[in-house]
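In case you want the letters, here they are:
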Amino acid sequence: MSAPTAPLSAPVASRRTFAIIAHPDAGKTTLTEKLLLFGGAINMAGEVKARGDNRRARSDWMAVERERGISVSSAVMTFVSDGLTYNLLDTPGHQDFSEDTYRTLTAVDSAVMVIDAAKGIESQTRKLFEVCRLRDVPIITFVNKMDREARDPFELMGEIEEQLALDVTPATWPIGMGRDFLGTYDILNDTLLLFGKRDGDRVTEPLRCTGLDDPQLAEHLPEKALAKLIEEVEMVRGLCPPFDLDAYRAGALTPVFFGSAVNNFGVRELLKGVAELAPPPRPQPAEPRAIAPGEAKVTGFVFKVQANMDPQHRDRVAFVRLCSGRFQRGMKLKHVRTGRMMAVQNPMFFLAQDRNLAEEAWPGDIVGIPNHGTLRIGDTLTEGEELKVTGIPNFAPEILRRVRLDDPMKSKHLKRALEQMAEEGVTRVFRPMIGTDMIVGVVGQLQIDVLAERIRAEYDLKMHFEQAPYETARWVASDDKLLMKRFLEELRGSLAEDHDGAPVFMARNSWELNRTLQDWPGVKFTATREQG
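Draft legend 1. Region of interest: the overall build of the protein chain. Within the protein chain, the secondary structure is distributed over 15 helices and 33 strands. Expressed as a percentage of its 532 residues, the buried residues of the protein chain come to 58%. Within the protein chain, residue pairs in contact and separated by at least 24 positions form 72% of the contacts whose partners lie at least 6 positions apart.

Draft legend 2. Layout of the pairing of strand E25 (residues 399-405). Burial within E25 is extensive, with five of its seven residues counted as buried. Sheet topology note: the E25/strand E27 (residues 439-442) ladder contains four bridges and is antiparallel. Directly across from Leu400, in E27, lies its bridge partner Gly441.

Draft legend 3. Focus on the confidence of the model for the protein chain. Residues with a pLDDT of 70 or more make up 86% of the protein chain, whose mean pLDDT is 83. Per-element confidence in the protein chain ranges from a low mean pLDDT of 41 for helix H3 (residues 47-58) to a high of 96 for strand E22 (residues 380-382). Counted against residues more than four places away or in other chains, residues 44-62, with its pLDDT under 50, gives 36 contacts. Contacts of residues 68-74 to residues separated by more than four positions or lying in other chains number 32 contacts, the stretch itself having pLDDT below 50.

Draft legend 4. Representation of the packing of helix H12 (residues 411-424) against helix H13 (residues 445-459). Contact geometry for H12 and H13: axes closest at 11 Å, N-to-C directions at 125°. One finds that H12 runs oblique with respect to H13. In the packing of H12 onto H13, the handedness of the crossing is right-handed. Note on element contacts: H13 touches H12 through Leu451, Arg454, Ile455, Glu458 and Tyr459, opposite Arg416, Ala417, Leu418, Gln420, Met421 and Glu424. For the contact of H12 with H13, the class distribution of residues is six nonpolar, one polar and four charged.

Draft legend 5. Here's a closer look at the sheet that holds strand E26 (residues 428-432). Read from one edge of the open sheet, eight strands run E28-E25-E27-E26-E30-E31-E29-E32, paired in antiparallel fashion. Looking at which strands have only one partner, the edges of the open sheet turn out to be strand E28 (463-467) and strand E32 (524-526). Ignoring which end each strand starts from, the neighbouring axes of this sheet average 40° apart. The pairing of strand E29 (residues 472-477) with strand E31 (residues 503-507) spans four bridges and is classified as antiparallel.

Draft legend 6. Inspection of the pattern of salt bridges at higher detail. In the structure shown here, the tally under the stated rule is 27 salt bridges. Taking the shortest distance from any N to any O, the salt bridge between Arg321 and Asp109 comes out at 3.1 Å. Of this pair, Arg321 sits in strand E14 (residues 316-324) while Asp109 sits in the loop between helix H5 (98-105) and strand E4 (110-116), and the two are 212 residues apart along the sequence. Assessed through its relative accessible area of 1%, Asp109 is described here as buried. Arg151 is the partner of Glu155 in a salt bridge, and the nearest nitrogen-oxygen pair spans 2.9 Å.

Draft legend 7. Spotlight on the sheet that holds strand E7 (residues 172-175). As summarised here, the arrangement of the four strands in space is E7-E8-E9-E10, forming an open sheet in which the pairing is antiparallel. Here the strands that pair on one side only, and so sit at the sheet edges, are E7 and strand E10 (207-208). Here strand E9 (residues 191-194) runs beside E10; their pairing, made up of two bridges, is antiparallel. Across the sheet, the residue bridging to Leu192 is Leu207, located in E10. Against the sheet, helix H9 (residues 223-239) touches E7 and strand E8 (183-186), its axis set at about 150° to E7.

Draft legend 8. Broad picture of the nonpolar core. One finds Leu89, Trp173, Tyr185, Leu192, Leu229 and Phe327 to be the most contacted residues of the largest nonpolar core, which totals 83 residues. When residues of this core are assigned to their parent elements, the largest contribution, six residues, is made by E14. Discounting residues that sit within four places of it in the chain, Tyr185 has contacts with Ala171, Thr172, Trp173, Ile175, Asp190, Thr191, Leu192, Cys209, Gly211, Leu212, Leu229 and Val233. Residues Val112, Ala171, Leu253 and Ala278 belong to the second largest nonpolar core, which totals 30 residues.

Draft legend 9. Highlighting helix H14 (residues 481-490). Among the residues making up H14, those that are buried are Leu483, Met484 and Phe487. An end-on view of H14 places all buried positions within 100° of arc, on one side of the element. Facing away from the buried side of H14 by over 90 degrees, the exposed positions are Lys481, Leu482, Lys485 and Glu489. Among the structural elements, E29, strand E30 (495-497), E31, helix H15 (510-519) and E32 are those in contact with the buried residues of H14. Here H14 starts with a cap whose side-chain oxygen sits 3.1 Å from the backbone nitrogen of Leu482, and that cap is Asp480.

Draft legend 10. Up close: the packing of aromatic side chains. For the structure on display, the rule yields 11 aromatic pairs. With a centroid separation of 6.5 Å and 80° between ring planes, the pair formed by Phe18 and Tyr86 is classed as edge-to-face. In this pair, Phe18 is assigned in strand E1 (residues 15-22) and Tyr86 in strand E3 (residues 84-90), connecting sequence segments 68 residues apart. When its relative accessible area of 3% is taken as the criterion, Tyr86 is described as buried.

Draft legend 11. Quick peek at the side chain of Asp109. In this structure the side chain of Asp109 is engaged in a polar contact, spanning 3.1 Å, whose partner is the backbone nitrogen of Arg282. At 3.1 Å, the side chain of Asp109 forms a polar contact with the side chain of Arg321. Beyond its immediate stretch of four places on either side in the chain, Asp109 contacts Thr17, Val137, Pro138, Pro279, Pro280, Pro281, Arg282 and Arg321.

Draft legend 12. Inspection of the packing of helix H2 (residues 28-38) against helix H11 (residues 267-277) at higher detail. Close contact between H2 and H11 brings their axes to 9 Å; oriented N to C, the two are set at 80°. Here H11 runs roughly perpendicular to H2, going by the angle between their axes. In contact with Leu31, Lys34, Leu35 and Phe38 of H2, H11 contributes Val267, Arg268, Leu270 and Leu271. Looking at the contact of H2 with H11 residue by residue, the classes come out as six nonpolar, no polar and two charged.

Draft legend 13. Unusual backbone geometry, seen in detail. Of note, the amide linkage connecting Glu287 to Pro288 takes the cis form, showing an omega dihedral of 5°. Looking at the element boundaries, Pro288 is found in the loop between strand E12 (286-287) and strand E13 (299-307). Despite not being glycine, Asp82 has its phi angle at roughly 50°, a positive value. Note on placement: Asp82 falls in the loop between strand E2 (75-81) and E3. Positive phi values are uncommon outside glycine, yet Ala165 reaches one of about 50°.

Rules and cut-offs
Residues numbered from 1 in each chain as written. Predicted model: local features only at pLDDT ≥ 70, side-chain atom pairs only at ≥ 80, totals over all residues. Heavy atoms only, no water. Helix = DSSP H or I, 4+ residues; strand = E, 2+ residues; numbered from the N terminus. Buried < 20%, exposed > 50% of the residue type's maximum accessible area, 1.4 Å probe, protein only. Contact = heavy atoms within 4.5 Å. Pairing = 2+ DSSP bridges. pLDDT = per-residue confidence, 0-100. Axes fitted to C-alpha atoms, helices over the stretch in contact; angles between N-to-C directions. Parallel < 35°, antiparallel > 145°, perpendicular 65-115°, else oblique. Left-handed = near helix turned anticlockwise from the far one by under 90°. Nonpolar A, V, L, I, M, F, W, Y, C, P; charged D, E, K, R; others polar. Salt bridge = Lys/Arg side-chain N within 4 Å of Asp/Glu carboxyl O. Core = buried A, V, L, I, M, F, W, Y, C linked by side-chain atoms within 4.5 Å. Arc of directions from axis to C-beta. Polar contact = N/O pair within 3.5 Å; in protein donor to acceptor, adjacent residues only side chain to side chain. Phe/Tyr/Trp six-rings, centres within 6.5 Å; stacked < 30°, edge-to-face > 60°.

Rendered as structure tokens:
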């Protein structure tokens, strides 16, 4: 059964909600800023960074980002350009935060994959790509840093094809590289774009031509460079599949753009590629039925919760991706997990850390809803229908630590802090069924560092972590209620509850986990659990 749907209305069709994925140092932050610059959202390069520096001066835990030169929290940036509304989700660049990235990618309709022209596909790029593949997210590739010494473009495309099992077709083609980088040729539109090393923030108009045999090309390119360009583009057209919009939107083909984000080169063409090629809002998987963006009634889901974005106000914002309907400020929506209706009085749009009141929003838009812990990751909001958006899992932690307070009298404060962090997705919190020590679980070591910094800065609690007696955690469930009851009674010493109250088996090592799996074949042990 599905709700009646209609063709996408103009506001829905004009939305482009996408994320940027990249290995650290590939130039993701620079590209994000330049997309905002070319989209008219900021007036000068450096503005977002300056705002970020101001924000960090107010928020101590961001020191982790500053010291390590990485992003560990996802930002949302909304801007309007040439009649289209772009929702750009900036994902954490560090592999220890892959879970936050995964959740962010559930909220987008497409992604831009940034590759360093000298390094090609790197480990984190591969991991993030696999996350996109799980949801068939269409990917546009941007090969960055062409103004430096780079690898052969054919070699780079071959690597994308082999390592990511994607069909590859260039949308633009580089003319030289490094000091000899002269520009790119737009294969899809037969346009020459020349690289001006001193252009800075100026936008230069491309030279329009009628193909590679246009006599204008010889006036602007050296003879040798033009001959090489003609030869390579002919090879491209012979070797690479032609661009196929359906194959791209199915996640099977990636168009490749070449450029240099730091020099603003190729960024406008990339933005144009997102505008013309990337899909408008797509249907969202849900139970008992999928949600189509053309439906009249409002639905949305929480993919991120951020506490203390402004530490002075102890705020807590749920980031909601709208799936269908026309949302209006003040409307009442059903919080499906609790069954309660809630009036959404102060929804927000974001440009980096600037906030604007959202009077209305459409499918594809990301709105921030201030709340005091009511909304959690994975929650679905509707106009009344019992729907639950799916595909937003919790992942079993890879590192488990016992939490010790320097002042035991502040245990209630610690409990509250850890529960808030767990609801935000920063950590898993486990309460052993025997004993009082809380155990936290994370995917990577950097998350432990961030957790400690935030508890110190935001809650003024002095604490430290100790090695936990466990290596692995698995959620447990069984269709046989009597068997489950016996399991919970007999293994009480190895069991805990997560912050949702779900039972978790804590194994001291892989041998103990495997042995317990053999002894209890009727119990399911899972490394993922659906949110909400």
